[in-house]
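These are the residues of each chain, in order.
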Amino acid sequence: MTNQKRNKAINIVLWIAQGLLAVMFIMAGIMKATQPVEALAESLPWVTSTPLGLVRFIGISELLGGLGLLIPSIFRFKPMLTVWAALGLALIMVLAAGFHATRGEFPNIGMNVVLIGIALFIVWGRSKKAPIFSKS
């Protein structure tokens with residue numbers, strides 16, 4: 001495979017990763033930022049023992065991170081913000097894994113690890129392998 005085809009393939013895979021991760025975090029963020037605790041508790045039992053302000057903050061952070069994965073790159077306006085958004089989401093997942101570990105919720109950590117991996121793949125890809133450049 002030529003280098004040009006390889007770069008095109010990695011670019012496509014990165015866009016897919018950005019899109020899927022963004023959709024997941026935008027949906028999760030909207031849910032945590034807007035739904036009543038009772039409704040959230042049905043799928044996220046930990047919210048009942050977590051301050052509501054923290055749940056809302058996590059939701060807003062996830063929502064903004066998800067938007068940050070797409071908007072700067074799509075519009076080619078400060079696309080390095082996509083890398084920072086991916087790093088921020090990886091950090092949120094590291095903190096989430098620690099939170100679940102302290103509560104003994106070890107089965108939940110697997111998804112955190114997968115999301116960390118995808119976010120760090122985007123960081124590597126968009127900073128080193130297939131960066132998106134600003135409009136000149």
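Summarised in this report is the structure supplied together with it. (Residues numbered from 1 in each chain as written. Predicted model: local features only at pLDDT ≥ 70, side-chain atom pairs only at ≥ 80, totals over all residues. Heavy atoms only, no water.)

### Overview of the packing of aromatic side chains
As enumerated under the stated definition, the model contains 2 aromatic pairs in all. When the ring of Phe121 is compared with that of Trp124, the centres are 6.0 Å apart and the planes differ by 35 degrees; the resulting orientation is tilted. With Phe121 and Trp124 both in helix α5 (residues 109-129) and 3 residues apart, the pair spans about one turn of that helix. The class of Phe121 is partly exposed, set by a relative accessible area of 25%. In this arrangement the basic side chain of Arg126 is found over the ring face of Trp15, its NZ or CZ atom lying 5.2 Å from the centre. (Phe/Tyr/Trp six-rings, centres within 6.5 Å; stacked < 30°, edge-to-face > 60°. Helix = DSSP H or I, 4+ residues; strand = E, 2+ residues; numbered from the N terminus. Buried < 20%, exposed > 50% of the residue type's maximum accessible area, 1.4 Å probe, protein only. Lys NZ or Arg CZ within 6 Å of the ring centre and 35° of its normal.)

### A look at the layout of surface pockets
Over the atoms, a rolled probe matching the size of one water molecule traces out where space is still vacant. The calculated volume of the largest pocket comes to roughly 660 Å³. Residue assignment for the lining of the largest pocket shows that the elements contributing at least two residues are α1 (3-34), α3 (52-75), α4 (80-102) and α5. With 8 residues, α4 is the largest single contributor of residues to the lining of the largest pocket. Of the residues that constitute the lining of the largest pocket, the class distribution is 19 nonpolar, 7 polar and 2 charged. (1 Å grid on protein atoms, 1.4 Å probe; cavity = no way out; pocket = protein on both sides within 12 Å on 5 of 7 lines; lining within 4 Å. Points joined across faces, edges and corners; volume = space filled by probe spheres on them. Nonpolar A, V, L, I, M, F, W, Y, C, P; charged D, E, K, R; others polar.)

### What to know about the pattern of salt bridges
Counted by the stated rule, this structure contains 2 salt bridges. Salt-bridge contacts for Lys32 lead to Glu62; the nearest nitrogen and oxygen are separated by 2.8 Å. A residue pair is termed long-range when its members are at least 10 positions apart, and Lys32 in helix α1 and Glu62 in helix α3 qualify at 30 residues. The buried category is assigned to Glu62, whose relative accessible area is 3%. In this structure, the salt-bridge partner of Arg103 is Glu105, at a minimum N-O distance of 3.0 Å. (Salt bridge = Lys/Arg side-chain N within 4 Å of Asp/Glu carboxyl O.)

### Looking at a nonpolar patch on the surface
Taken together, the side chains of Ile60, Leu64, Leu67, Ile71, Ile74, Phe75 and Phe77 make up a nonpolar region of the molecular surface, amounting to roughly 700 Å² of accessible area. By the secondary structure assignment, Leu64 is in helix α3. According to the relative accessible area criterion, Leu64 is exposed, its value standing at 54%. (Patch = residues over 30% accessible without salt bridge, like charges linked within 9 Å, V, L, I, M, F, W, Y side chains within 5 Å. Areas by Shrake-Rupley, 256 points an atom, 1.4 Å probe, with all protein chains shown as cover.)

### Overview of the nonpolar core
Grouped together as the largest cluster of nonpolar side chains are 19 residues, with contacts concentrated most on Leu21, Phe25, Leu69, Met93 and Ile122. Looking at this core, the elements with two or more residues in it are α1, α3, α4 and α5. No other element matches α4, which puts 7 residues into this core. If sequence neighbours within four positions are ignored, Leu21 has contacts with Leu69, Leu115, Ile118, Ala119 and Ile122. Leu40, Trp46, Val47 and Val55 belong to the second-largest nonpolar core, a separate cluster that totals 5 residues. (Core = buried A, V, L, I, M, F, W, Y, C linked by side-chain atoms within 4.5 Å. Contact = heavy atoms within 4.5 Å.)

None of the figures reported here should be taken as evidence of function without further support.
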